[in-house]
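Descriptive analysis of the structure
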Amino acid sequence: MTEPTLILAFESSCDETSVAVIKDGVEVLSNIVATQIASHQRFGGVVPEVASRHHIEQITKCTDEALAEAGVSYDQLSAVAVTYGPGLVGSLLVGVTAAKTVAWAHHLPLVPVNHMTGHLYAARFVGEFKYPQLALLVSGGHTELVYMVEEHQYQIIGETRDDAAGEAYDKIGRVMGVNYPAGKTVDEWAAKGNDTFHFPRAMEKEANFDFSFSGLKSAFINTVHNAHQRGETLNKYELAASFQQSVVDVLAEKTVKALHRYPAEQFILAGGVAANHGLRQRLQHDLSKEFPDMTILQAPLKYCGDNAAMIGAAGTVNYLYGDRAGWDLNAVPGLSFPRMNPVTE
């Protein structure tokens, strides 16, 4: 009988300290997450130095809890996987250092994982992957379309040129008086309103698959500020619905356009903004209509945010493909997938 693959995974790319134990890439034996939201809310966003200090305080405790909850000892582990980028350099270094320490002390392979690969593999907890595959990864720091002809091969065909979708949600949320992170509240308000402001849909008609949300953010903020100057009170539900409709329209239409150019057996939606109900419903509707034979996997809500379970799932694949890091592994805050040129390829 084949021994199971047990991966101890570390995730500390931003403001969540997380350690998990994953069996065979699909079974979550434990997934401990120590959130820092309360510490960053008073600043309206993540403060890198504060985040890294919290990671230092939590990483050992999270590791102990993950192993205890999984009922696994170090000598049963197959490898240690860790996010080494992209993310905040100080936060990444805490996780990388912890993972290297555990791997060295217990003579275990060290497996490097791209944080965005982790988000993608969160959908693996829902069902089997099929290829070729297109993924829309939307989070606080990233909005990108990733095409995979086969497993373990990732190429960006479109990405944001400025603000990521999640970043835009937080910035307009601040203007509306919503605490960081604002995405969940804006999504809930949007469900109660209508698109009455008709904010711009940037790059919607361009031939490429890239995104831009800075113009939408500016249009929203200007609308609110102008109303305040005139002494007017705008309906928060209408504002939220109008903003979200613009984001969802662009993401959905670019995705459909990309799938016509790069046919896929399967579509994946993952990342923190993948928890947005308006986006999930729109993509499910549009893609089921346009591509009825294509399977759609949406990352489970509890694994949309940053967590080590998704890093363990991606780390299992990397481990089986022979990806290994040396003791000189460092944080790479600007790590990204290779870019595919849609004009020439």
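Up top is the structure these notes are about.
Residues numbered from 1 in each chain as written. Predicted model: local features only at pLDDT ≥ 70, side-chain atom pairs only at ≥ 80, totals over all residues. Heavy atoms only, no water.

Let's shift gears to the overall build of the protein chain. Helix and strand counts for the protein chain stand at 10 helices and 10 strands. Scaling as 2.2 N^0.38, a compact globule of 345 residues should have a C-alpha radius of gyration of about 20 Å, and the protein chain matches this with 20 Å. Over its C-alpha atoms, taken along the principal directions, the protein chain stretches across nearly 65 × 45 × 30 Å. Intrachain contacts of the protein chain at a sequence separation of at least 6 include 75% that bridge at least 24 residues. Here the protein chain holds 26 positive side-chain charges and 39 negative ones, and the gap between their average locations is 6 Å. (Helix = DSSP H or I, 4+ residues; strand = E, 2+ residues; numbered from the N terminus. Rg over C-alpha atoms; globule rule 2.2 N^0.38 Å. Contact = heavy atoms within 4.5 Å. Lys, Arg positive; Asp, Glu negative; His and termini not counted. Charge placed at Lys NZ, Arg CZ, Asp CG, Glu CD.)

This brings us to the sheet that holds strand 6 (residues 133-138). Read across the open sheet, the 5 strands follow the order 8-7-6-9-10; overall the sheet is mixed. Of all the strands in the sheet, the pair left with one neighbour each is strand 8 (155-159) and strand 10 (295-298). Each neighbouring strand pair of the sheet contributes to a mean axis angle of 20°, computed without reference to strand direction. As defined by bridge partners, strand 6 adjoins strand 7 (residues 143-148) across 6 bridges and the pair is classed as antiparallel. Residue pairing across strands places Q133 opposite M148, the latter belonging to strand 7. (Pairing = 2+ DSSP bridges. Axes fitted to C-alpha atoms, helices over the stretch in contact; angles between N-to-C directions.)

Within the largest apolar cluster, 84 residues are counted, with the highest numbers of intra-cluster contacts made by L134, L136, I157, F243, F267 and L287. It is helix 8 (residues 236-261) that provides the largest number of residues to this core, a total of 12 residues. Ignoring anything within four residues of it in the chain, the contact list for F267 reads L134, A135, L136, T255, L259, L283, L287, M294, T295, I296 and L297. Residues V19, V102, L110 and L329 belong to the second largest nonpolar core, which totals 28 residues. (Core = buried A, V, L, I, M, F, W, Y, C linked by side-chain atoms within 4.5 Å. Buried < 20%, exposed > 50% of the residue type's maximum accessible area, 1.4 Å probe, protein only.)

Two numbers describe how helix 2 (residues 48-70) lies on helix 3 (residues 89-105): the axes approach to 7 Å, and their chain directions differ by 20°. Here helix 3 runs roughly parallel to helix 2, going by the angle between their axes. As helix 2 packs across helix 3, the resulting crossing turns out to be right-handed. Where helix 2 approaches helix 3, its residues P48, A51, S52, H55, I56 and I59 are matched on the opposing element by G90, S91, V94 and A98. Among the residues forming the contact of helix 2 with helix 3, the class breakdown is 6 nonpolar, 4 polar and no charged. (Parallel < 35°, antiparallel > 145°, perpendicular 65-115°, else oblique. Left-handed = near helix turned anticlockwise from the far one by under 90°. Nonpolar A, V, L, I, M, F, W, Y, C, P; charged D, E, K, R; others polar.)

Scanning the model with the defined rule gives 11 aromatic pairs in all. When the ring of F197 is compared with that of F199, the centres are 5.8 Å apart and the planes differ by 10°; the resulting orientation is stacked. Through a chain of ring-to-ring contacts, the aromatic side chains of Y169, F197, F199, F220 and F243 assemble into a single cluster. Seen from the ring of Y262, R261 lies directly overhead, with NZ or CZ sitting 4.6 Å from the centre. (Phe/Tyr/Trp six-rings, centres within 6.5 Å; stacked < 30°, edge-to-face > 60°. Lys NZ or Arg CZ within 6 Å of the ring centre and 35° of its normal.)

Right, let's talk about the pattern of salt bridges for a bit. Side-chain pairs of opposite charge can arise whenever the charged atoms involved come near each other. Evaluated as defined, the whole model comprises 15 salt bridges. K171 is paired through a salt bridge with D163; the nearest N and O atoms lie 3.3 Å apart. Assessed through its relative accessible area of 8%, D163 is described here as buried. One salt bridge in this structure joins R282 and D249, with 2.6 Å as the shortest N-O distance. Here the residue R282 occupies a position in helix 9 (residues 277-290), and D249 occupies one in helix 8, the gap between them amounting to 33 residues. (Salt bridge = Lys/Arg side-chain N within 4 Å of Asp/Glu carboxyl O.)

For a regular strand, side-chain orientation follows a simple rule: the groups alternate between the two sheet faces. Where burial is concerned, most of strand 9 (residues 266-270) is hidden: 5 out of the 5 residues are buried. Residues Q266, I268 and A270 point to one face of strand 9 and F267 and L269 to the other, with burial holding for every one of them. When strand 9 meets strand 10, the two strands line up parallel, connected through 4 bridges. Its bridge partner lying in strand 10, I268 is registered against L297.

What follows deals with helix 10 (residues 308-320). With 13 residues, helix 10 ought to run about 18 Å at 1.5 Å a step, and its terminal C-alpha atoms sit 18 Å apart, in line with that. For helix 10, the set of buried residues is A308, A309, M310, I311, G312, A313, A314, G315, T316, V317, N318 and Y319. Residues of helix 10 that are buried in the fold lie against strand 1 (6-11), strand 2 (16-23), strand 3 (27-35), strand 4 (79-85), strand 5 (110-114) and helix 4 (115-121). The N-terminus of helix 10 is capped by N307, whose side-chain oxygen sits 3.1 Å from the backbone nitrogen of A309. (Expected span 1.5 Å × (residues − 1). Polar contact = N/O pair within 3.5 Å; in protein donor to acceptor, adjacent residues only side chain to side chain.)

Two elements in contact, helix 5 (residues 165-175) and helix 7 (residues 214-229), have axes separated by 10 Å at closest approach and are oriented at 5°. By the angle between their axes, helix 5 is roughly parallel relative to helix 7. On the side of helix 5, the interface is formed by K171, I172 and V175, while helix 7 contributes K217, F220, I221 and V224. For the contact of helix 5 with helix 7, the residue count by class is 5 nonpolar, no polar and 2 charged.

Quick look at the pairing of strand 7 now. With respect to burial, strand 7 is a largely interior element, 6 of its 6 residues being buried. Here strand 6 folds back onto strand 7, and the loop between the two strands holds 4 residues. Across 4 bridges, the pairing between strand 7 and strand 8 is antiparallel. In the sheet register, Y147 faces strand 8, and the bridge partner there is Q155. In textbook terms, the turn of a hairpin is the stretch between consecutive antiparallel strands, and for strand 7 and strand 8 this stretch comprises 6 residues, one of which, H152, has a positive phi near 75°.

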